[in-house]
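# Commentary on secondary and tertiary structure
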Amino acid sequence: MKTFIIAGILAAYSLALQSQVKEHPIPRLVQQDGRFALLVDGAPYLILGAQAHNSSDWPATLPKVWSAMEYLHANTLEIPIYWEQFEPQQGKFDYTAMDTVLAQAREHHLHLVLLWFGTWKNGSQHYMPEWMKLQPERYFHVVNKNGEAVDSPSPFATASLDADIHAFTAFMRHLKAADPERTVLLVQVENETGTWGIVRDYSPEAQKLFDGPVPANILNAMNKASSSANWQDAFGAEAEVCFHAWAVATYVGKVAAAGKAVYGLPLYANAALRDPFKGAPGSYESGGPTDNVLSIWKAAAPAIDILAPDIYLLDTASYLKVLQLYHRADNALFVPETNGSAKIARFFFSALGLQAIGFAPFGLDYTRVHPQEASGNSFLDPTAQNYRLIGPMMRDIARLNFQGKLQAVAEEEGEVTQTLHFGAWDAVISYGAVRNSPAKGNPEPLGSALVAQLKDNQFLVTGLFSRVDFRPAEANKHRQFLRVEEGAYENGAFKFQRILNGDQTDWGLNFSDEPEVLRVSLATY
């Protein structure tokens, strides 16, 4: 009891201090002409993020998180809030972990995305409080075809739902009061929901609903004509995964709606992916917002603003396909988890090319370095390279992307050139080109490029391990560089440093592993 009294006193003291802080506008997701932006302090913002390891949000380990964020040049940390820590006794909430990470994030000039590890974490109920785990008959699990409970919470457990709603609402209410500075930009509701190993709950209650009619809003969302069809008739081979997605999304949607009712921050749900080319039922975590059931989630959980992919696929075709599938007219692209290796880091630019509002590789802190990552900061370097380049001009990049003036690409195996179209001009990206020799690709596909149109004949250009050149779209015209300005962003504005010419421009604009930003003015002859 004494612990909760002290926690209450500290929370009250923290709230008193917060009442003296100027209140900032609540971050919000906006849409215009088919593009999305996350508005922070009233202007588009790009999350240059990193997600901490699962067990990093404790006072003893947070120093190892902040030092990594500084090295990365990240502007946003994704970090969990654990239900088991937040509500160690039923109805008694401990806000100390929340308040600690908020205060320390401000000290390090970072924004936060908080991850609510509630009913689900990677398909299991492992972050439920102990008092719930000790009552499995009340807070029951999914049941397999043999009637056996499996290691996954049932979306039909109303007691679990009620408890999660109560806790998540308390979490959001405290966050609203404790964060007038809007340190927190987004909240993730649950984590990688669904079930591994089996495709749905086979309990008697679940079976009765599976054999019953599909809700009309789900049929409409999935463009199914029949209004009386059951799940099997409506969805055939995908029936069980569609049913489980509806059940899980309905549960998560109720939790999200309750939290949003007290604090209207943007909310998102993340998915453990299926392979977009060979993801048969049973080969992936069923129930979460995978690409084949996004419309079901949109219909069943309207309080969720973004459905986001956790991308650990390593081949280029699959990675790019996932980005395309989650870049929808009704869904902002946000990558809240991904591999942080050098091979994958270039896809940060691919995501920008699809108007992503943020990108955050997983496990980028010093709390648990794997043996293969033991050489200093090597496991951080690929992401740090991206963020050192884009960080100083983040606001301009976010604004230009929202305005539809920006395109970005990553090198793909077997494609040594790529072309971006900007009306009267084409930007030609090449990889592995040396002086006037033809492009042959980099030894490893690590290249990337970003081009944004500032005026009809002026462009902002940057990249890594690539060459960018321009050619007129009109036939029989030739490009000439009027002025190629090298500069750096200071306080969000481009500052001229020198004019490039001669060897630095004769065969195009070459980018290496060092941060370089150019403002390029063009003409024809």
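Look up a bit, the structure's there.
In short, a report on the structure. Computed from a predicted model, the values in this text were never measured in an experiment. (Residues numbered from 1 in each chain as written. Predicted model: local features only at pLDDT ≥ 70, side-chain atom pairs only at ≥ 80, totals over all residues. Heavy atoms only, no water.)

## Here we look at the overall build of the chain
- Across its full length, the chain holds 16 helices and 24 strands.
- Reported as C-alpha extents along the three principal axes, the dimensions of the chain are approximately 75 × 60 × 45 Å.
- Buried residues in the chain amount to 57% of all 525 residues.
- Counted over contacts in the chain with a minimum sequence separation of 6, partners at least 24 positions apart contribute 74%.
- Only carbon and sulfur atoms are counted for the fraction: they give 51% of the accessible area of the chain, which is about 21400 Å². (Helix = DSSP H or I, 4+ residues; strand = E, 2+ residues; numbered from the N terminus. Buried < 20%, exposed > 50% of the residue type's maximum accessible area, 1.4 Å probe, protein only. Contact = heavy atoms within 4.5 Å. Areas by Shrake-Rupley, 256 points an atom, 1.4 Å probe, with all protein chains shown as cover.)

## Focus on the packing of helix α6 (residues 158-178) against helix α10 (residues 239-262)
- At their nearest, the axes of α6 and α10 sit 8 Å apart, and the two run at 30 degrees to each other. Relative to α10, the element α6 lies roughly parallel. For α6 against α10, the interelement crossing comes out right-handed. In contact with S160, L161, D164, I165, F168, T169, M172, R173 and K176 of α6, α10 contributes Y251, K254, V255, A256, A258, G259 and V262.
- For the contact of α6 with α10, the per-class residue count stands at 9 nonpolar, 3 polar and 4 charged. (Axes fitted to C-alpha atoms, helices over the stretch in contact; angles between N-to-C directions. Parallel < 35°, antiparallel > 145°, perpendicular 65-115°, else oblique. Left-handed = near helix turned anticlockwise from the far one by under 90°. Nonpolar A, V, L, I, M, F, W, Y, C, P; charged D, E, K, R; others polar.)

## Remarks on the sheet that holds strand β19 (residues 458-464)
- Judged by pairing direction, the sheet is antiparallel, and its 6 strands sit side by side in the order β15-β18-β19-β24-β21-β22 without closing on themselves. Looking along the sheet, the strands with just one partner apiece sit at the ends: β15 (406-410) and β22 (493-500). Each adjacent strand pair in this sheet contributes to an overall mean axis angle of 25 degrees, direction not counted.
- Bridge count between β19 and strand β24 (residues 517-524): 5 bridges; the pairing is antiparallel. If you follow L460 over to β24, its bridge partner there is R519.
- Against the sheet, helix α15 (residues 381-390) touches β18 (448-455), β19 and β24, its axis set at about 160 degrees to β19. (Pairing = 2+ DSSP bridges.)

## Side note on the sheet that holds strand β14 (residues 358-359)
- Strand order across the open sheet formed by 9 strands is β12-β14-β4-β5-β6-β9-β10-β11-β13, with parallel pairing between neighbours. Of all strands in the sheet, those with a lone pairing partner are β12 (334-335) and β13 (337-338), marking the two edges.
- Summarising the sheet, strand β5 (residues 76-82) and strand β6 (residues 111-121) pair through 7 bridges and their orientation is parallel. Note that in β6 the partner of P80 across the bridge is L115.
- Strands β4 (47-51) and β5 of the sheet are contacted by helix α2 (residues 62-72), whose axis makes an angle of about 160 degrees with β5.

## Looking at the pairing of strand β16 (residues 417-422)
- With burial as the criterion, only one face of β16 is covered, namely that bearing Q418, L420 and F422; the residues T417, T419 and H421 on the opposite face remain uncovered.
- A loop of 2 residues connects β16 with strand β17 (residues 425-430), the two strands running antiparallel in sequence, and G423 in this loop sits at a positive phi of about 65 degrees.

## A look at the packing of aromatic side chains
- If you walk through the whole model with that rule in mind, you get 29 aromatic pairs.
- When the centroid spacing of 6.2 Å and the interplanar angle of 80 degrees are considered together, the rings of Y366 and F379 count as edge-to-face. Of this pair, Y366 sits in the loop between β14 and α15 while F379 sits in the loop between β14 and α15, and the two are 13 residues apart along the sequence.
- Overall, Y366 belongs to the partly exposed group, its relative accessible area being 24%.
- Looking at F379, the relative accessible area reads 8%, which means it is buried.
- Pairing Y489 with F494 gives two aromatic rings, centres 5.9 Å apart and planes at 75 degrees, and the pair type is edge-to-face. The same class applies to Y489 as to F494, namely buried.
- Through a chain of ring-to-ring contacts, three or more aromatic side chains come together here, namely W83, F86, F93, Y95, W116, F168 and F171.
- Geometry around F481 places R479 over its ring, the cationic atom sitting 4.0 Å from the centre. (Phe/Tyr/Trp six-rings, centres within 6.5 Å; stacked < 30°, edge-to-face > 60°. Lys NZ or Arg CZ within 6 Å of the ring centre and 35° of its normal.)

## A few points about the nonpolar core
- If you look at the biggest cluster of nonpolar residues, it comprises 140 residues, and the most contacted ones within it are F171, L175, W297 and I390.
- Element by element, the count of residues in this core is highest for α10, at 12 residues.
- When residues no more than four places from it in sequence are discounted, the contact partners of W297 are T193, A245, V248, A249, V252, A269, G287, G288, P289 and L307.
- Among the nonpolar cores identified, the runner-up in size contains 21 residues, and V409, F459, V461 and F470 belong to it. (Core = buried A, V, L, I, M, F, W, Y, C linked by side-chain atoms within 4.5 Å.)

## Details of the packing of helix α4 (residues 96-107) against α6
- The interhelical angle for the contact between α4 and α6, taken along N-to-C directions, is 35 degrees, at an axis separation of 11 Å. Classified by chirality, the crossing of α6 by α4 is right-handed. Listed contacts from α6 to M98, D99, L102 and R106 of α4 are F171, H174, L175 and A178.

## Thoughts on the environment of T367
- Tracing the chain through its elements places T367 in the loop between β14 and α15.
- Separated by 3.2 Å, the side chains of T367 and S56 make a polar contact.
- Side-chain polar atoms of T367 contact the side chain of D365, separated by 2.6 Å. (Polar contact = N/O pair within 3.5 Å; in protein donor to acceptor, adjacent residues only side chain to side chain.)

## Observations regarding the environment of P336
- Looking at the element boundaries, P336 is found in the loop between β12 and β13.
- When its relative accessible area of 0% is taken as the criterion, P336 is described as buried.
- For the pair P336 and G358, spaced 22 residues apart in the sequence, the C-alpha separation amounts to 7.3 Å.
- Those residues within four positions of P336 in sequence are excluded, and the remaining contacts are Q51, E78, Y268, N270, A308, P309, D310 and A360.

## Section: the pairing of strand β9 (residues 184-191)
- Within β9, 8 of the 8 residues are buried, which leaves it mostly tucked inside the rest of the structure.
- As paired elements, β6 and β9 share 6 bridges and run parallel to each other. What sits directly across from W116, in β9, is V189.
- The pairing of β9 with strand β10 (residues 267-272) spans 2 bridges and is classified as parallel. Looking at the pairing, Q188 lines up with Y268 of β10.

## Re unusual backbone geometry
- Backbone geometry at D41 places phi at a positive 55 degrees, although glycine is not the residue there.
- Mapping D41 onto the fold places it in the loop between β2 (35-40) and β3 (43-45).
- For D41, a relative accessible area of 41% gives the class partly exposed.
- Of note, N223 is a non-glycine position whose phi angle comes to about 60 degrees, a positive value.
- In this structure, N223 sits in the loop between α8 (216-221) and α9 (231-235).

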